[in-house]
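# Structural overview for review
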Amino acid sequence: MNKEALIPKLGVITDVRIDTPDVKTFRVVTTDGVKPFEHRPGQCAMLSIPGVGEAMFSITSSPTNTEFMEFSIKRCGCVTEWLHQAEAGQQVTIRGPYGKPFPVDDEFAGKDLVFIAGGIAIAPLRSVINYCRHYRDRYGKIDIVYGARSKDDLVDYKEIVDEWCTDGGADVHLTIDREQEGWDGHVGFVPSYVKELAFSTDKTVILCGPPIMIKFTLEALMEMGFDKKQIYTTLEMRMKCGIGKCGRCNVGSKYICKDGPVFRFDELDELPDEY
């Protein structure tokens, strides 16, 4: 690991965007006004508020963005509660990057890609999606399947509608769990929607979401004829220290922070039942 990744840098929040009732996206630069460090799609960073705590978050902005980093964060604990009270101008510390990225430049190159996400899980995939959109000619067809409980819970909805749905670089399939006034799109859970879409089994799948969604979506993909070697996910929610020292992300012989957080599903079969 690059030793510089262990040294916190003083950063400042320059913009706070409200995405959903419990998710905000924070734009961060250094106090010099530049991007804190370079990263790869799927990597994470540690954000810290001295006196409050620190936590690991996916970097949701693409590496192709050279001006700043963004983090879409769900309010669910002490550090995130504090962050959700922060405003532009608030200083934080940031260090990273951590973890193994998605193999966008080798395994994904030339492949048809299907991104499947549920709820806040669009956050770690946004970096990968925007990277692939930026280098569109390196990949085959791109499909994005994204679902949430309601329209109001769709993270980055404006970007999805204004950019992903309009630039012709990807086919976007949105769904919400239940009927909602003003929503004329698909209604239903992600696993059943994936079956309805009936993707051909020659595609590479990047799947991320709540455990129950992953379980049933994986089953749906297997029923459709996909192999686990074609399906990738990220376990970034299990990362703690990021460098394999605390042991809190240890599962069997693997450390999520050092061996992941990106895994193929056939690699997860090697982990013990505790996963």
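What you see as residue numbers is a count from 1 along each chain, following the sequence as written. pLDDT decides what is reported in this predicted model: residues at 70 or higher carry local features, side-chain atom pairs at 80 or more are listed and counted, and totals for whole chains, interfaces and linings draw on all residues regardless. Excluded from the side-chain calculation are hydrogens and water; included are all heavy atoms of the structure.

### Focus: the layout of surface pockets
A cavity, in this analysis, means grid points on a 1 Å lattice covering only the protein atoms where a 1.4 Å probe fits yet has no way out; a pocket is instead an open set bounded by protein on both sides within 12 Å along at least five of seven lines, and a residue lines either one if it has an atom within 4 Å of a point. Grid points are joined across faces, edges and corners, and a volume is the space filled by probe spheres set on the points. Here the second largest pocket defines a volume of roughly 160 Å³. Lining the second largest pocket, in full, are Arg17, Asp19, Arg126, Asp156, Tyr157, Lys158, Glu159, Asp162 and Glu163. Counting residues per element, the lining of the second largest pocket draws most heavily on helix H3 (residues 157–164), at 5 residues. Residues are sorted three ways: Asp, Glu, Lys and Arg are charged, Ala, Val, Leu, Ile, Met, Phe, Trp, Tyr, Cys and Pro are nonpolar, and all the rest, Gly among them, are polar. The residue makeup of the lining of the second largest pocket, split by class, is 1 nonpolar, no polar and 8 charged. Secondary structure elements follow DSSP: runs of H or I no shorter than four residues count as helices, runs of E no shorter than two count as strands, and numbering proceeds from the N terminus.

### A few points about the packing of aromatic side chains
Note on ring pairs: Phe, Tyr and Trp rings are taken, using the six-membered ring of Trp, and paired if centres are within 6.5 Å. Classes follow the plane angle, with under 30 degrees stacked, over 60 edge-to-face and the rest tilted. For the structure on display, the rule yields 3 aromatic pairs. With 6.4 Å between their ring centres and 40° between their planes, Phe102 and Phe108 make a pair best called tilted. With respect to burial, Phe102 and Phe108 carry one shared label: buried. Clustering of aromatic rings is evident, with ring pairs tying together Phe102, Phe108 and Tyr232. The ring of Tyr135 is capped by Arg138, whose NZ or CZ atom sits 3.7 Å from the centre of that ring. Relative accessibility thresholds used throughout: buried, under 20% of the residue-type maximum; exposed, over 50%; partly exposed, between the two (1.4 Å probe, protein chains only). Two limits define a charge over a ring: the Lys NZ or Arg CZ must be within 6 Å of the ring centre, and within 35 degrees of the ring normal.

### Let's talk about the sheet that holds strand E3 (residues 44–49)
DSSP bridges decide pairing: two strands pair if at least two such bridges lie between them. The strand order E4-E3-E6-E1-E2-E5 describes an open sheet built from 6 strands, whose pairing is antiparallel. Both outer strands of the open sheet, strand E4 (53–58) and strand E5 (69–74), are each paired with one neighbouring strand and no more. Strand-to-strand twist across the sheet, computed as the mean angle between neighbouring axes with direction ignored, equals 40°. Note on definitions: angles span 0 to 180 degrees between N-to-C directions of axes, and those axes are lines fitted to C-alpha atoms, for helices only across the stretch in contact.

### Overview of the sheet that holds strand E10 (residues 186–187)
Two modes of strand pairing occur in sheets, parallel and antiparallel, and in both the strands are linked by backbone hydrogen bonds. Strand order in this open sheet of 7 strands is E10-E9-E8-E7-E11-E12-E15, and the pairing throughout is mixed. Every interior strand has two partners, whereas the edge strands, E10 and strand E15 (262–264), have only one. Of the strand pairs in this sheet, strand E12 (residues 231–234) and E15 are connected by 3 bridges, and their pairing is antiparallel. Following the sheet pairing, Tyr232 is matched in E15 by Arg264. Here a residue-residue contact requires only that any non-hydrogen atoms of the pair lie within 4.5 Å. H3 rests against strand E8 (142–148) and strand E9 (171–176) of the sheet, and its axis sits at about 150° to E9.

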